[in-house]
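Letter by letter, the chains look like this.
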Amino acid sequence: MTTRYFGERITRNEDPRLLTGRALFVDDVDLPGMLHVAFLRSIHAHAHIRSIDVSRARQRAGVVAVYTANDLGDYWKPGPLLVAPPPIKKLLAFHERCQVPLAKDKVRHVGEPVAMVIAESRYIAEDALDDIDVDYEALPVAADMDIALAPDAPLVHTDVGSNIAAHVIQEKGNVDAVWRAAALVIQRRFRYDHGTAAPIETRGIVAQWDARAQHLTIWDSTQAPVVIRNGLARMLGLSEAQVRVIAPFIGGGFGPKIMMFYPEEVLVPWAALQLGRPIKWYEDRRENFVAMNHEREQIHDAAIALNKNGMILGIKDNFLYDTGAYIPYGLTVPLNAQCTLLGMYKVPNYYSEFKAVFTNKTIVSPYRGAGRQHGVFVMERLLDLAAQELGIDRTEIRRRNFIQPYEFPYNNEIIYQDFAPLQYDSGNYAAVLDRAKQMIDYDNFIANEQPRLQSEGKHVGIGLVCYVEGTGIGPYEGARVHVETNGKVTVATGVGTQGQGHFTSFAQIVAEQLGVDVRDIRIITGDTAEFNWGTGTFASRGAVVAGNAVNEAAKAVREKAIKLASEELDVYEGDLELADGKVQVKGLPEKNMSLGELAAKANPLRGAVKPNTEPGLEATRYFGPQSGVTSNGAHALIVEVDPETMEIHIRKYVVVHDCGKVINPMILEGQVQGGVAQGIGNAFYEKLVYDDNGQLLTGSFMDYLLPTAMEVPRIEIGHEETPSPWNPLGVKGAGEAGAIPVGPLFAQAIEDAFGIEGLEILEIPLSPNRLFELVVEAKRKAGNA
């Protein structure tokens, strides 16, 4: 492939609209006669609902309707299970329990919606919430996994008989057989605590029912507009053609907005049909902390066995996964943790067992990384500990265990989230490691710079960790490419966009095929009226799956244009090329026809279009990968820690990333930079803290600390390219990798900065306070306190 557009640093087509305030977000939708919604949410983590009295709220001036679960009739039912359990031989248990539109007899987490108020303004609706009287009978709370698994634990779902939502074992080889022969066995407990995505734009939905046209239009901040359209049509008894879902610009999705269906998403369209007026609900920040799905909390009891040369013989991992009060997203997150733990390394024997646990907390579903952080944290920490015990450099022990380039495709045998054995398509891990070492100046730092800084009394440390990320899973995406008679090109696809740069990267793919300027290509995403099929934007799959669909459609249009030009110009097809919006004769560019002219010729007003051909310069194609593809990379960090305040200062941060062929390096670097910023927050600042009653104690940005520009450093990014052989573009996903390995990176670098014997950081997130406790404890054990 030539590289006139593909692989170039082209500024984003979408930015003028975003930077000048002309981009449409859901909250920009303002319709005549529109009503507004506020939800009454549970103040208890676990309670029976004895009664709900909404009579006073209904009498408040400006209130149009108030609904409880009993008002929904047959419409009240649990949401669908989005991802069924995978075909794993040892799926020992799975209890499907999904969220309901409004709690009926029992609430299971703080923030669960209990009643919906619809009024002439949001202010009136909010005031009316105070008029609703709910008689709760508070119940004991399973606030964390330890409590939930105790013999006398309060049951989140009484009919299940325990709080075990799922129990899964995956294994390969024979771990027990190698354990006895190991030169070194290391076993530790690792904890990765609760967090939230905290997007700039919270969730929102607007619904408008046109009774005359019998048509429902929905604006939704979702990552999966087509699936939302199909599901709502089914629930509401409408045909899919009667429902249009528009996912306009979205201020950050990060995974939680792929959840289907949030209670609000089900209720607002239903109410629009009942009342015959447009209705809007927008989540406020306080709601977002308790009502939008969370992620992160897992506890791993893991062990690694190695020979005396540091080669991995086997790994055992037994972990708990907090799924919150319901499990609508199935086992995607723990499966990702289970698979991603294997990393870049040859692990001949592996035993992994997990239990998903119901607790009285907000639902857990994928958030940028989606469980991969946990697996990477466990593996990278085990390797750090092993390197220390064996006296091997941290980077060397990794190198010795790398899967080699000639071993691809590499089958890990463990079932992945796409229900197929996890296979790696390509990679050159040693090259990634070497480049990261070179960019962070690893050897010189350890030999010279660190001793010099330590002699000045500074606590500085270096870290370097590696990861693999499964990306680009199916089932499919599609795209339609259409050349207009003015020569401009319109592309429609079913995926939504939340800031990934689709308006530019997809345009670059089309421009490469059609020889049209990127600025003359209009991309439409997230509108079911424009494209009828699709799955959604999640799991780092947009460029891989939708990008290849766009490429295939553009190739088909290219072939049609050349064939038609050949006939019009009376020139052999092989002598034609596309450039500058024209089809021209090679070596004789003045003999040409513009794509606009050809588009008009392809849609004649007289004559006939030949049988088995289609009018217009247009094509629709789909791409469904047989297997996901795997990105990889290494992060390196030099950090300085103030031993008095435990405040950290990142002196240098390096990322070397391999996502196959790069469509636009500038957009890719933005993705990586954003991921690292979230990773830094996850590693050192952000934590959802609950008390024993299941009450969230860090439910505002005063308490839940997001890193700002003051904490996120300039990040140096290097690219390695091992094209994927499993798709025509050779691309792999890149959306989540920046966030995945930051936890173990921080842990390794901070340990190195203190150099205290026995200081082991086995938990994330840290905080200055928690780090102080760990350092004091390590010093006490070492006799230095």
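Our structure's up above, just so we're on the same page.
First, a word on what this report is: a plain description of the structure on this page. On a predicted model such as this, the values are computed, not experimentally measured, just so you know.

## A word on the overall build of the chain
Moving on, step 1. A count of helices and strands for the chain gives 19 helices and 30 strands.
Moving on, step 2. Relative to the globule expectation of 28 Å for 785 residues, the C-alpha radius of gyration of the chain, 28 Å, shows essentially globular dimensions.
Moving on, step 3. If you line up the chain on its principal axes, its C-alpha atoms span 95 × 75 × 50 Å.
Moving on, step 4. Relative to its 785 residues, the chain shows a buried fraction of 61%.
Moving on, step 5. The long-range fraction of contacts in the chain, counting pairs at least 24 apart against all pairs at least 6 apart in sequence, stands at 80%.
Moving on, step 6. Of the accessible surface of the chain, which amounts to about 29,400 Å², a share of 49% is contributed by carbon and sulfur atoms.
Moving on, step 7. Treating the 76 positive side-chain charges of the chain as one cloud and the 99 negative ones as another, the clouds have centres 3 Å apart.

## Observations regarding the sheet that holds strand β24 (residues 582-585)
Moving on, step 1. One open sheet holds the three strands; their spatial order is β23-β24-β25, and the pairing between them is antiparallel. Of all the strands in the sheet, the pair left with one neighbour each is β23 (576-579) and β25 (588-594). Taking each pair of neighbouring strands and ignoring which way they run, the sheet shows an average axis angle of 35°.
Moving on, step 2. Each of β23, β24 and β25 touches helix α15 (residues 542-569); the most contacted strand, β23, lies at about 120° to it.

## With respect to the pairing of strand β1 (residues 35-41)
Moving on, step 1. The buried count for β1 comes to seven of seven residues, which makes it a mostly enclosed element.
Moving on, step 2. Here β1 shows no split at all, with L35, V37, F39 and R41 on one side and H36, A38 and L40 on the other all buried.
Moving on, step 3. Sheet topology note: the β1/strand β13 (residues 279-282) ladder contains two bridges and is parallel. Paired with L35 across the bridge in β13 is I279.
Moving on, step 4. Strand direction decides the pairing type here: β1 and strand β6 (residues 113-119), joined by six bridges, are antiparallel. Of the residues in β6, the one forming a bridge with L40 is A115.

## Some remarks on the pattern of salt bridges
Moving on, step 1. Scanning the model with the defined rule gives 55 salt bridges in all.
Moving on, step 2. Between E297 and K361 there is a salt bridge; the shortest N-O distance is 3.0 Å. Residue E297 is found in the loop between α8 (285-291) and β14 (298-306), and its partner K361 is found in the loop between β16 (350-358) and α10 (372-390); the two are separated by 64 residues along the sequence. Pair check on accessibility: E297 and K361 agree, each one buried.

## Some remarks on the nonpolar core
Moving on, step 1. Among the nonpolar cores identified, the biggest contains 132 residues, and F746 and I750 are the most heavily contacted of them.
Moving on, step 2. Setting aside chain neighbours within four positions, we find F746 in contact with L637, I648, I650, I680, A683 and F684.
Moving on, step 3. Core analysis: the next-biggest nonpolar cluster, separate from the first, contains 53 residues, F249, V518, I562 and L578 among them.

## Overview of the packing of helix α14 (residues 502-514) against α15
Moving on, step 1. Relative orientation of the contacting elements α14 and α15 amounts to 30°, with a least axis distance of 9 Å. With respect to their mutual orientation, α14 and α15 come out roughly parallel. As α14 packs across α15, the resulting crossing turns out to be right-handed. For the pair α14 and α15, contact is made by H502, F506, I509, V510, E512, Q513 and L514 and by G542, A543, A546, G547, V550, N551, A554, K555, V557 and R558, respectively.

## What about the side chain of Q584?
Moving on, step 1. Of note, Q584 is situated in strand β24.
Moving on, step 2. According to the relative accessible area criterion, Q584 is buried, its value standing at 9%.
Moving on, step 3. Ignoring any residue separated from it by four or fewer positions in sequence, one finds Q584 in contact with D575, L576, E577, A579, P589, K591 and N592.

## Digging into helix α11 (residues 394-401)
Within an α-helix, residues lying three or four positions from one another point in the same direction, as the helix has 3.6 residues per turn.
Moving on, step 1. Every buried residue of α11 is listed here: R394, T395, I397, R398 and N401. All buried residues of α11 lie within an arc of 165° about the axis, which places them on one face of the element.

## Observations regarding the sheet that holds strand β9 (residues 184-192)
Moving on, step 1. The sheet built from seven strands is open, its strands ordered β4-β8-β16-β15-β14-β9-β30 with mixed pairing. Of all the strands in the sheet, just β4 (90-94) and β30 (763-764) have a single pairing partner and so form its edges.
Moving on, step 2. As paired elements, strand β15 (residues 312-324) and β16 share nine bridges and run parallel to each other. Bridging from a neighbouring strand, Y321 pairs with A356 of β16.
Moving on, step 3. The sheet contacts of helix α9 (residues 332-340) involve β8 (164-172), β14, β15 and β16, and relative to β16 the element is tilted by about 155°.

## Topic: the side chain of E669
Moving on, step 1. Within the secondary structure, E669 is located in helix α17 (residues 665-685).
Moving on, step 2. Within the structure, E669 has its side chain in polar contact with the side chain of R9 (distance 2.7 Å).
Moving on, step 3. Beyond its immediate chain neighbours, meaning those up to four positions away, E669 contacts R9, I717 and H719.

## A look at the pairing of strand β2 (residues 47-53)
Moving on, step 1. For β2 and strand β5 (residues 106-107), the ladder comprises two bridges, and the chain directions are antiparallel. Bridged to H48 within β5 is K106.

## Topic: the environment of V29
Moving on, step 1. The topology assignment puts V29 in the loop between α1 (15-19) and β1.
Moving on, step 2. Taking relative accessible area as the criterion, V29 reaches 7% and is therefore assigned buried.
Moving on, step 3. In sequence terms V29 and V206 are 177 residues apart; their C-alpha atoms lie 7.4 Å from each other.
Moving on, step 4. Among residues more than four places away in sequence, those in contact with V29 are L24, M34, V206, W219 and K280.

## A word on the packing of aromatic side chains
Moving on, step 1. As enumerated under the stated definition, the model contains 18 aromatic pairs in all.
Moving on, step 2. Ring centres of Y75 and W270 lie 5.7 Å apart, and the angle between their planes is 15°; on these two criteria the pair is classed as stacked. Linking Y75 in the loop between β3 (63-68) and β4 with W270 in helix α7 (residues 263-275), this pair joins segments that are 195 residues apart in sequence. Each member of the pair Y75 and W270 is classed as buried.
Moving on, step 3. A ring pair is formed by F684 and Y685, whose centres lie 5.3 Å apart and whose planes are at 80°; its orientation type is edge-to-face.
Moving on, step 4. With relative accessibility at 2%, the residue F684 sits in the buried group.
Moving on, step 5. Taken together, the ring pairs connect Y345, F402, F408 and Y429 into an aromatic cluster.
Moving on, step 6. Here the guanidinium or amino end of R203 rests over the ring plane of Y262, the centre of that ring lying 3.9 Å away.
Moving on, step 7. Here K316 stacks its cationic end above the ring of W179, 4.5 Å away from the centre of that ring.

Rules of the game
- Residues numbered from 1 in each chain as written.
- Predicted model: local features only at pLDDT ≥ 70, side-chain atom pairs only at ≥ 80, totals over all residues.
- Heavy atoms only, no water.
- Helix = DSSP H or I, 4+ residues; strand = E, 2+ residues; numbered from the N terminus.
- Rg over C-alpha atoms; globule rule 2.2 N^0.38 Å.
- Buried < 20%, exposed > 50% of the residue type's maximum accessible area, 1.4 Å probe, protein only.
- Contact = heavy atoms within 4.5 Å.
- Areas by Shrake-Rupley, 256 points an atom, 1.4 Å probe, with all protein chains shown as cover.
- Lys, Arg positive; Asp, Glu negative; His and termini not counted.
- Charge placed at Lys NZ, Arg CZ, Asp CG, Glu CD.
- Pairing = 2+ DSSP bridges.
- Axes fitted to C-alpha atoms, helices over the stretch in contact; angles between N-to-C directions.
- Salt bridge = Lys/Arg side-chain N within 4 Å of Asp/Glu carboxyl O.
- Core = buried A, V, L, I, M, F, W, Y, C linked by side-chain atoms within 4.5 Å.
- Parallel < 35°, antiparallel > 145°, perpendicular 65-115°, else oblique.
- Left-handed = near helix turned anticlockwise from the far one by under 90°.
- Arc of directions from axis to C-beta.
- Polar contact = N/O pair within 3.5 Å; in protein donor to acceptor, adjacent residues only side chain to side chain.
- Phe/Tyr/Trp six-rings, centres within 6.5 Å; stacked < 30°, edge-to-face > 60°.
- Lys NZ or Arg CZ within 6 Å of the ring centre and 35° of its normal.

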